[in-house]
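Single-letter residue listing:
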Amino acid sequence: MLIRCGYDIEFCAEKRTAMMAMLSLHPSRHQDLRTPQRLMASPDIPLYHFEDGFGNVATRLTIPPGNVILSCDFVIEDSGEPDRRAPDSPQMAVEELPDAVMPFLLGSRYCETDRLMDVAWANFSHLATARDRVDAIVDFVHDHIEFGYHHARSDKTAWNGYQERQGVCRDFAHLAITLCRCMNIPARYCTGYLGDIGVPPVDAPMDFSAWFDVYIDGEWYTHDARHNQPRIGRILMARGRDATDVALTTAFGKANLVRFQVHTDEVASLD
């Protein structure tokens, strides 16, 4: 299937402000592109791309005084297959895990494993396999948190989400990731495009989405605690320990968000 993705984001700054953006497609999806994917700035300002420590494409720029628009539009091919289900095999012992996945067992800025350890072991330790534990965690988080854009807060952590029982997709992901890590299952935060493809459309403005991956039996598998069902058409932009590592934009100064539009739609052809 073909999916057209992109965004139109406008900022206003009173003076020159440095910014880092995580708005490019993840390199693992580059081979699926059917049209060029290029981050554009208006007015035309220098953009410098680099690969961060998690393998994401990050962009550095400096916003001039006034308004600047960051935009992108591209078509990508997707398998149209739903998220893969992990095998029902015994959970890997921590000492058998590869070195590269160990950071995804640790607590991080938004994922306080120390505060949720007792909650995790009280609710999920009786389950025998990693897949059963992750499935139970996803069910728990999906039922525990009420979704609503008006519940969004930039400083909300997994512990806050657990206590307040309200949030947006990043809060679902943070709580699920934290509970998985507490159970010694490596979990990483993901952000990208996820349109209403293969599901009834939602009467709300399109936004970027957050989900998470877990490492089971030597491979990474995708889960989504907000939707709690396999989805098709996920287009990955970036992944890391939590939202700190993959923030869409980070301004090193004052830059007001003026406009934010995202589109993710299935299309029949490249025309």
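Here the residue index of a chain counts from 1 through its sequence in written order. Totals for whole chains, interfaces and linings use every residue, but because this is a predicted model, local features are given only for residues with pLDDT of at least 70 and side-chain atom pairs only at 80 or more, for both listing and counting. Computation of side-chain values: all heavy atoms of the structure, hydrogens and water removed.

### A closer look at the sheet that holds strand β4 (residues 48-51)
Logical step 1: One open sheet accounts for 4 strands, arranged β4-β5-β2-β13; its pairing is antiparallel. Strands with a single pairing partner mark the edges of an open sheet, and in this sheet they are β4 and β13 (249-252). Taking the axes of each pair of neighbouring strands and ignoring which way they run, one obtains an average angle of 25° across the sheet.
Logical step 2: Taken together, the 5 bridges between strand β2 (residues 17-21) and strand β5 (residues 57-63) define a ladder with antiparallel strand orientation. In the sheet register, Ala21 faces β5, and the bridge partner there is Thr59. By definition, two strands form a pair when at least two bridges between them are found by DSSP. In this text, helices come from DSSP runs of H or I with a minimum length of four residues, and strands from runs of E with a minimum of two, each type numbered from the N-terminal end. What counts as an axis is a line fitted to C-alpha atoms, over the stretch in contact for a helix, and the angles between N-to-C directions run from 0 to 180 degrees.

### Re the environment of Asp196
Logical step 1: Here Asp196 shows up in the loop between β9 (187-193) and β10 (209-216).
Logical step 2: The contact criterion used throughout is that any non-hydrogen atoms of two residues lie within 4.5 Å. Apart from residues no more than four positions distant in its own chain, Asp196 is found in contact with Pro201, Val202, Met206 and Arg231.
Logical step 3: A polar contact is formed between the side chain of Asp196 and the backbone nitrogen of Val202, at a distance of 3.1 Å. We define a polar contact as two N or O atoms separated by no more than 3.5 Å, with the added condition that, inside protein, one atom must be a possible hydrogen donor and the other a possible acceptor, whereas residues neighbouring each other in sequence contribute only through side-chain atom pairs.

### Concerning the sheet that holds strand β1 (residues 2-13)
Logical step 1: As summarised here, the arrangement of the 4 strands in space is β3-β6-β1-β14, forming an open sheet in which the pairing is antiparallel. Single-partner strands in this sheet number two, and they are β3 (40-42) and β14 (256-267). Averaged over all pairs of adjacent strands, the angle between strand axes in this sheet comes to 15°, irrespective of strand direction.
Logical step 2: Sheet topology note: the β3/strand β6 (residues 66-77) ladder contains 3 bridges and is antiparallel. Within the sheet, the bridge partner assigned to Ala41 lies in β6 and is Leu70.

### As for the nonpolar core
Logical step 1: Note on terminology: a nonpolar core comprises buried Ala, Val, Leu, Ile, Met, Phe, Trp, Tyr and Cys residues joined through side-chain atoms within 4.5 Å. A simple rule labels every residue: compare its accessible area, found with a 1.4 Å probe on the protein chains alone, to the largest value its type can have, and call it buried under 20%, exposed over 50%, or partly exposed in between. Counting residues in each nonpolar core, the largest one holds 39 residues, and the members touching the most others are Leu116, Ile137, Val141, Leu179, Cys180, Phe212 and Val214.
Logical step 2: Those elements that provide at least two residues to this core are α1 (113-124), α2 (130-144), α3 (158-164), α4 (169-182), β9 and β10.
Logical step 3: Residue contributions to this core peak at 9 residues, all from α4.

### Things to note about the pattern of salt bridges
Logical step 1: Think of a salt bridge as a Lys or Arg side-chain nitrogen and an Asp or Glu carboxyl oxygen that are within 4 Å of each other. Following the criterion strictly, the structure yields 16 salt bridges and no others.
Logical step 2: Between Arg34 and Glu77 there is a salt bridge, and its shortest N-O distance comes to 2.9 Å. Taken together, the residues Arg34 in the loop between β2 and β3 and Glu77 in strand β6 connect sequence positions 43 residues apart.
Logical step 3: Residue class for Arg34 comes out partly exposed when judged on its relative accessible area of 36%.
Logical step 4: Using a relative accessible area of 34% as the deciding quantity, one classes Glu77 as partly exposed.

### Brief notes about the environment of Cys180
Logical step 1: Position of Cys180 among the secondary structure elements: in helix α4.
Logical step 2: Along the backbone, Cys180 and Ala210 are 30 residues apart, and their C-alpha atoms lie at a distance of 16 Å.
Logical step 3: Not counting residues within four places of it along the chain, the set of residues in contact with Cys180 comprises Val134, Ile137, Ile185, Ala187, Phe212 and Val214.

### A short note on the side chain of Arg131
Logical step 1: Here Arg131 shows up in helix α2.
Logical step 2: On the basis of relative accessible area, Arg131 is assigned to the buried category, the value being 17%.
Logical step 3: Leave out the neighbours within four places in its chain, and Arg131 touches Arg85, Ala86, Pro87, Asp88 and Ile216.

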